[in-house]
Amino acid sequence: MEPLEPSFFFIAGEPSGDEIGGRLIAALREATGGEMRMAGIGGEAMSAEGLESLFPIEELSVMGLVEVVPRAPGIMRRMSQTARAIRRLAPDAVVTIDAPAFANGVWRRLGEVDAALIHYVAPTVWAWRAGRARKLARRIDHLLALFPFEPPHFAAEGLDCTFVGHPVLETGIATDDGASFRARHGISAGPVIGLLPGSRRGEIRRLMPVFADATRRIAQAVPAIRAVIPAVPAHAALIREAAAELPVPVTVTAERGERHAAMAACDAAIAASGTVSLDLALAGVPMAIAYKLNPLTATILRRMIRVRYATIVNLVLDRPAIPEFLQESCTGAALAEAALLLLRDEGARCTQIEATASAIAALRPDGERPSARAATAILDVLRHRTDTRIEQGAVT
C-alpha cells in the first residue's frame, strides 16, 4: 500500500538539477494520483510543477573551488535555513538532486530526522575522490544513479543504489523541431553553429569570449554562417550582451520550451562540458566540447581526477568520440578548426553521430522513463520504511 499523501522536501541547486526535479515531481504526482505534498528549493521547472522555492536557486549556482569562497557564508546560511525548514515540516522524504556540496551541508545540519534521505544523481566517485562513496553511505538511505556503471561503486559500501537512466532521454527532441525553430526565427537554409556556454554565470563569462573568437574564425571560412544560442533564463541578459559582440547574425532564445528545438536547428555546436552534450547527441548534432575553470581550481582538480575524459558520451564509450578542449587547449582557433571539420566533412559528422547514438542507447533503461523509474524507487523506499515499522510494531 502506498503511503497516505506522502510529503517530500526537494532540493535542487542548479538549472540541470531543477530540470530533473521538475520531471520527478510530475512523475511522483502521477504515481500517487496527486496525493502528495511538497516543499523545497528549485527553479523554473520545479516551480512550474507547483513547488514554492524556499529561496532563489540562483544563489546556489556557483562552480569552482575558488569561486565558492566569497559566496561561502551566504551558502552556509542557506544550508542552515534549509535544515530548519526540513525539521519544521517533517517530510516523509528529503530528495536532494545533484549539488552534492550543498546537499552534504544540509545533511550535516539536520541531525536526527524521521525522513528517508534520498539523493538523485550519484557523485562521480569513479572520477575523483572515491572515498565519497563511503561517506555518502553513512549519510543517506538510497541513491538514484544516472549511469549503469555507478551502482557497484556504492553497493560495495552498503548503500542501496538504483540505476534509473539519464533524464535527458525524456526531452523528446525531434528533427522537425529544428525546422520549426528556423521558420519561427526567420533562419534561412544556410549553416548554423550552436553556441552553448553553460548554465552558470562563471562558465558563461569564461567561455563566451573564446566562443566569440571561434565564431569569428568560422565566419571567415563560412561567410554564410549564423549562430543560435539557447540561454538559461536566469542569465539571458548576460548571454545577449555577449552575443552582441559576435560577427555573425545570432538568435538568442531563453524560452524553456525552445531550448531543445534551438539545438536541433544547428548543423554543429560548440558547447560547455556537461549534460548538454547528451541533449545535442539526442538531436543528432555533432559537437566540440570546451571547458575552462579558474586556473587555481583546475590545478587542484588535475591532481584528483582519475578519468581520461570530461564529456559524458566519451566516458560512456571510453573513447574520444567527441573532441574535447579543456583549459589551455580551449582556444578559439582549436574550437573553430573542430567545428569547421564537422560543418564540412560529412564523414566526420556521421562518425560522431553514430558514436553518440551508441552512448545514448547505453543510457536508456528498458521501457520506462527515467523520472518514472526514480519515482517508483522513491515510493518503494517509503513503502519499505512503512512495512518495517509495522513489522517492528507487531514484534514489540
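Residues numbered from 1 in each chain as written. Predicted model: local features only at pLDDT ≥ 70, side-chain atom pairs only at ≥ 80, totals over all residues. Heavy atoms only, no water.

Asker: In this structure, what is going on with the overall build of the chain? I would like to understand it.
Answerer: Looking only at helices and strands, the chain features 17 helices and 12 strands. Its C-alpha atoms give the chain a radius of gyration of 22 Å, within 12% of the compact-globule value 21 Å for 396 residues. Counting only C-alpha atoms, the chain reaches 80 × 45 × 35 Å along its principal axes. Within the chain, the proportion of its 396 residues that are buried is 52%. Just so you have it, the chain exposes about 17,400 Å², and 52% of that area is on carbon and sulfur atoms. Between the averaged position of the 43 positive side-chain charges in the chain and that of its 44 negative side-chain charges there is a distance of 8 Å. (Helix = DSSP H or I, 4+ residues; strand = E, 2+ residues; numbered from the N terminus. Rg over C-alpha atoms; globule rule 2.2 N^0.38 Å. Buried < 20%, exposed > 50% of the residue type's maximum accessible area, 1.4 Å probe, protein only. Areas by Shrake-Rupley, 256 points an atom, 1.4 Å probe, with all protein chains shown as cover. Lys, Arg positive; Asp, Glu negative; His and termini not counted. Charge placed at Lys NZ, Arg CZ, Asp CG, Glu CD.)

Asker: Could you clarify how one ought to interpret the sheet that holds strand S11 (residues 287–291) in this entry?
Answerer: Note: strands within a sheet are paired through backbone hydrogen bonds, in either parallel or antiparallel orientation. The strand order S9-S8-S7-S10-S11-S12 describes an open sheet built from six strands, whose pairing is parallel. With one partner strand each, in any of the chains shown, strand S9 (250–253) and strand S12 (324–326) form the two edges of the open sheet. Within the sheet, the average angular offset between the axes of one strand and its neighbour, ignoring direction, is 15°. Here strand S8 (residues 226–230) pairs with S9 via four bridges, running parallel. By the bridge assignment for S9, Val-228 is matched with Thr-251. Across the sheet, helix H15 (residues 332–344) is in contact with strand S7 (192–196), strand S10 (268–272), S11 and S12; its angle to S11 comes to roughly 165°. (Pairing = 2+ DSSP bridges. Axes fitted to C-alpha atoms, helices over the stretch in contact; angles between N-to-C directions. Contact = heavy atoms within 4.5 Å.)

Asker: Looking at this structure, how should I read the pairing of S11?
Answerer: In the case of a regular strand, side chains alternate between the two sheet surfaces. Burial within S11 is extensive, with five of its five residues counted as buried. Of the two faces of S11, both are covered, the one formed by Met-287, Ile-289 and Tyr-291 as well as the one formed by Ala-288 and Ala-290. Once you follow S10 into helix H12 (residues 276–282) and on to S11, the crossover reads as right-handed. Here S11 runs beside S12; their pairing, made up of three bridges, is parallel. Each residue of the ladder has a partner; that of Ile-289, found in S12, is Glu-324. (Right-handed = clockwise from strand over helix to strand, strands pointing away.)

Asker: Could you clarify how one ought to interpret the side chain of His-166 in this entry?
Answerer: Assignment of secondary structure puts His-166 in the loop between strand S6 (160–163) and helix H8 (175–184). Classification of His-166 as buried rests on a relative accessible area of 2%. Excluding residues that lie within four positions of it along the chain, His-166 makes contacts with Leu-146, Phe-147, Thr-275, Leu-278, Ile-312, Leu-363 and Pro-370.

Asker: Hey, could you run me through the sheet that holds strand S3 (residues 93–97) in this one?
Answerer: Taking strand neighbours across the sheet as the criterion, the six strands line up as S2-S1-S3-S4-S5-S6 in an open arrangement whose pairing is parallel. Unpaired on one side and paired on the other, strand S2 (37–41) and S6 mark the two borders of the sheet. When strand polarity is set aside, the average angle formed by the axes of neighbouring strands in this sheet is 20°. Examined bridge by bridge, strand S1 (residues 7–12) and S3 share five bridges and lie parallel to one another. If you follow Phe-10 over to S3, its bridge partner there is Val-95.

Asker: Just to check I follow, could you spell out the packing of helix H9 (residues 201–221) against helix H10 (residues 236–243) for this structure?
Answerer: For any two helices packed against each other, one specifies the crossing angle of their axes together with the interaxial distance. Taken N-terminus to C-terminus, the directions of H9 and H10 make an angle of 5°; their axes are 11 Å apart at the nearest point. Classed by the angle they form, the pair H9 and H10 counts as roughly parallel. Contact with H9, carried on its side by Arg-201, Ile-204, Arg-205 and Met-208, involves Leu-238, Ile-239, Ala-242 and Ala-243 of H10 and no other residues of that element. For the contact of H9 with H10, the per-class residue count stands at six nonpolar, no polar and two charged. (Parallel < 35°, antiparallel > 145°, perpendicular 65-115°, else oblique. Nonpolar A, V, L, I, M, F, W, Y, C, P; charged D, E, K, R; others polar.)

Asker: How should I be thinking about the packing of aromatic side chains in this particular structure?
Answerer: What characterises a pair of aromatic rings is the spacing of the ring centres plus the angle enclosed by the ring planes. Applying the stated rule across the entire model yields three aromatic pairs. Taking 5.6 Å as the distance between ring centres and 25° as the angle between the ring planes, the aromatic pair formed by Phe-8 and Phe-10 counts as stacked. Taken as a pair, Phe-8 and Phe-10 share a single burial class, namely buried. Geometrically, the ring pair formed by Phe-55 and Phe-102 is edge-to-face, given 6.4 Å between the ring centres and 75° between the ring planes. (Phe/Tyr/Trp six-rings, centres within 6.5 Å; stacked < 30°, edge-to-face > 60°.)

Asker: Looking at this structure, I do not really get the state of the cysteines. What am I missing?
Answerer: Covalently bonding the sulfur atom of one cysteine to the sulfur atom of another cysteine gives a disulfide. The tally for this structure, following the rule as stated, stands at zero disulfides. Residue Cys-266 stays outside any disulfide, its sulfur separated by 17 Å from that of Cys-350, the closest cysteine. By relative accessible area, Cys-266 is classed as buried at 9%. (Disulfide = S-S within 2.5 Å.)

Asker: Help me out: how do you make sense of the confidence of the model for the chain in this one?
Answerer: Any region with low pLDDT has predicted coordinates that should not be read closely. The predicted model of the chain has a mean per-residue pLDDT of 89, with 90% of residues at 70 or higher. Segment residues 63–67: pLDDT under 50, and 14 contacts once partners within four positions in sequence are set aside and those in other chains are kept. (pLDDT = per-residue confidence, 0-100.)

Asker: Help me understand the pattern of salt bridges in this model?
Answerer: One pass over the full model with this rule turns up 15 salt bridges. The salt bridge involving Arg-200 is made with Glu-14; its shortest N-O contact spans 2.7 Å. Taken together, the residues Arg-200 in the loop between S7 and H9 and Glu-14 in the loop between S1 and helix H1 (15–31) connect sequence positions 186 residues apart. Accessibility expressed as a relative area gives 13% for Glu-14, which makes it buried. Residue Glu-30 pairs with Arg-369 through a salt bridge whose shortest N-O separation is 3.2 Å. You can see Glu-30 sitting in helix H1 and its partner Arg-369 sitting in the loop between helix H16 (346–362) and helix H17 (370–395), a full 339 residues away along the chain. The class for Arg-369 is partly exposed, based on a relative accessible area of 37%. Through salt bridges that share partners, Glu-14, Arg-200 and Glu-203 make up one connected network. (Salt bridge = Lys/Arg side-chain N within 4 Å of Asp/Glu carboxyl O.)

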